[in-house]
Amino acid sequence: MLGTRNALAAATALGMTVSLGACATSTPYQSAEVAGQQFGYQSEQIAADRYRVSFSGNEVTARETVEEYLLYRAAELTRQKGYDGFYVVREQTEADIDIDTLPTTYPGWAPGWRYYNADFGWGVYNPLGGTPFPAARISASDQYSASAVIEMYRGNAPASAEDTFDASAVLARLGDDVEMPEG
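Thresholds applied
Residues numbered from 1 in each chain as written. Predicted model: local features only at pLDDT ≥ 70, side-chain atom pairs only at ≥ 80, totals over all residues. Heavy atoms only, no water. Helix = DSSP H or I, 4+ residues; strand = E, 2+ residues; numbered from the N terminus. Polar contact = N/O pair within 3.5 Å; in protein donor to acceptor, adjacent residues only side chain to side chain. Pairing = 2+ DSSP bridges. Buried < 20%, exposed > 50% of the residue type's maximum accessible area, 1.4 Å probe, protein only. Contact = heavy atoms within 4.5 Å. Salt bridge = Lys/Arg side-chain N within 4 Å of Asp/Glu carboxyl O. Axes fitted to C-alpha atoms, helices over the stretch in contact; angles between N-to-C directions. Parallel < 35°, antiparallel > 145°, perpendicular 65-115°, else oblique. Left-handed = near helix turned anticlockwise from the far one by under 90°. Nonpolar A, V, L, I, M, F, W, Y, C, P; charged D, E, K, R; others polar. Arc of directions from axis to C-beta. pLDDT = per-residue confidence, 0-100. Phe/Tyr/Trp six-rings, centres within 6.5 Å; stacked < 30°, edge-to-face > 60°.

With respect to the helices, strands and loops of the structure, Asn58 is situated in the loop between strand E2 (50-56) and helix H2 (63-80). Reaching out from Asn58, the side chain makes a polar contact with the side chain of Thr61 at a distance of 2.7 Å.

A few words now on the pairing of E2. Of the pairings in the sheet, the one linking strand E1 (residues 40-47) to E2 comprises seven bridges and is antiparallel in character. When the sheet's bridge partners are listed, Glu44 is paired in E2 with Arg52.

Structurally, Thr27 is set in the loop between helix H1 (4-14) and E1. Given a relative accessible area of 2%, Thr27 falls into the buried group. Among the polar contacts listed, one links the side chain of Thr27 to the backbone nitrogen of Asn58, at a separation of 2.8 Å. Those residues in contact with Thr27 that lie beyond four places of it in its chain are Phe39, Gly40, Phe55, Ser56, Gly57, Asn58, Thr61 and Tyr69.

The subject of this paragraph is the environment of Gly155. Here Gly155 shows up in the loop between strand E6 (137-153) and strand E7 (164-166). C-alpha separation for the pair Gly155 and Asp84, spaced 71 residues apart in sequence, amounts to 6.2 Å.

This brings us to unusual backbone geometry. Of all residues except glycine, most have a negative phi; of all peptide bonds, most are trans. Even without glycine at this site, Asp163 takes up a positive phi of about 50°. Following the sequence through the fold, Asp163 ends up in the loop between E6 and E7. Among the residues examined, Asp163 registers a relative accessible area of 35% and is labelled partly exposed.

Under the definition given, this model contains five salt bridges. The shortest N-O distance in the salt bridge between Arg52 and Glu44 comes to 2.9 Å. Residue classification places Arg52 among the partly exposed residues on the basis of a relative accessible area of 36%.

Direction vectors running N to C along H2 and helix H3 (residues 167-174) enclose 135°, while the axes themselves pass 8 Å from each other. One way to sum up the angle between H2 and H3 is to call them oblique. The interaxial crossing formed by H2 with H3 has left-handed handedness. Here Glu68, Leu71, Tyr72, Ala75, Glu76, Thr78 and Arg79 of H2 come into contact with H3, specifically with Ala167, Ser168, Val170, Leu171 and Leu174. The residue makeup of the contact of H2 with H3, split by class, is seven nonpolar, two polar and three charged.

For H3, every residue scored as buried is listed here: Ala167, Val170 and Leu174. Looking down the long axis of H3, one finds its buried residues gathered within 60° of arc, a one-sided arrangement. In this structure Asp166 caps H3, since a side-chain oxygen of it lies 3.1 Å from the backbone nitrogen of Ser168.

Turning our eyes to something else, we now look at the confidence of the model for the protein chain. The predicted model of the protein chain has a mean per-residue pLDDT of 80, with 70% of residues at 70 or higher. Every residue in residues 130-135 scores below 50 in pLDDT, and together they form eight contacts with partners more than four places removed in sequence or on other chains.

For the structure shown, the criterion picks out five aromatic pairs. Ring centres of Phe55 and Tyr69 lie 5.2 Å apart, and the angle between their planes is 90°; this geometry places the pair in the edge-to-face category. Within this pair, whereas Phe55 is found in strand E2, its partner Tyr69 is found in helix H2, the two being separated by 14 residues in sequence. For the pair Phe55 and Tyr69, a shared accessibility class is recorded, and that class is buried.

Rendered as structure tokens:
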């Protein structure tokens, strides 16, 4: 599992900009809290300085993009609330994998073969009638969502906190690669 902490920590430590997927139809960085939006970020305050942040992407949004947008949202929220940095208390990424097999048929036509069985006589083998037969096409789609509980801080990071992030640095490093919605 690619950890959000590890991905950004490595990029931040090396001074690199993390590259995001460039698919035009992937989920842009947007709020899913707006009516009618199914994909994007959500934020929920659970304590004075603690938030649950999540990001859900559609089936063409890469896992890395989902995790980076989650991290970007955590940094953006931290700055909006007047804090300097944050650390991740708990995180997880989930994949919803959907696999469909699509038989090769044409309307009004289905393949079939006649065969003879000594016990039953003549019959017709229809591969679409529930017998094992390889499907011609397999369609798979992955849909990723990531969530984290973050704790924000002002000034210096708490000594007990591991993997702290400076919110301004995260925004600067990821900002150019974040795809905002059109319009």
